[in-house]
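Spelled out from the first residue to the last, the chains are:
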Amino acid sequence: MFRVLLIIIVLVVGYDAVMHQGAYTREAWNSIVRLTQSSVEGARELGERARE
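Residues numbered from 1 in each chain as written. Predicted model: local features only at pLDDT ≥ 70, side-chain atom pairs only at ≥ 80, totals over all residues. Heavy atoms only, no water.

Chemist: Explanation requested: the packing of helix α1 (residues 2-20) against helix α2 (residues 23-51) in the structure shown.
Modeler: Each packed pair of helices is defined by two parameters, the angle between the axes and the distance between the axes. As a packed pair, α1 and α2 sit with axes 7 Å apart at the nearest point and diverge in direction by 120 degrees. Of the possible angle classes, the one that applies to α1 and α2 is oblique. Along the contact surface, α1 presents V13, D16 and H20, while α2 presents A23, Y24, T25 and R26. Looking at the contact of α1 with α2 residue by residue, the class counts come to three nonpolar, two polar and two charged. (Axes fitted to C-alpha atoms, helices over the stretch in contact; angles between N-to-C directions. Helix = DSSP H or I, 4+ residues; strand = E, 2+ residues; numbered from the N terminus. Parallel < 35°, antiparallel > 145°, perpendicular 65-115°, else oblique. Contact = heavy atoms within 4.5 Å. Nonpolar A, V, L, I, M, F, W, Y, C, P; charged D, E, K, R; others polar.)

Chemist: Would you mind going over α1 with me for this structure?
Modeler: Structurally, the α-helix is built with 3.6 residues per turn, so residues lying three or four positions apart point the same way. When the terminal C-alpha atoms of α1 are compared, their 26 Å separation across 19 residues agrees well with the 27 Å that a helix rising 1.5 Å per residue should span. In the stretch just after α1, Q21 is the one whose phi turns positive, near 55 degrees. (Expected span 1.5 Å × (residues − 1).)

Chemist: Sorry, what's going on with a nonpolar patch on the surface here?
Modeler: A grouping of V4, I8 and V12 is seen on the molecular surface, where their side chains present a nonpolar patch of about 260 Å² in accessible area. You can see I8 is positioned in helix α1. (Patch = residues over 30% accessible without salt bridge, like charges linked within 9 Å, V, L, I, M, F, W, Y side chains within 5 Å. Areas by Shrake-Rupley, 256 points an atom, 1.4 Å probe, with all protein chains shown as cover. Salt bridge = Lys/Arg side-chain N within 4 Å of Asp/Glu carboxyl O.)

Chemist: Explain unusual backbone geometry here, please?
Modeler: Peptide bonds are, in most cases, trans, and in most cases residues other than glycine have a negative phi. Here Q21, not a glycine, exhibits a phi torsion of approximately 55 degrees, which is positive. Along the chain, Q21 turns up in the loop between α1 and α2.

Structure follows, in structure tokens:
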């Protein structure tokens, strides 16, 4: 099952790369990065408040 899911992901990313120059993949990656940065900043602020 995991192999099938992996093959589907590779096909979708490959299709995006060929047909859309990777626009959707880039946008998804940027969304993940923004979410991660937001989480890190929130944890940092929480840590600073806990020290005060």
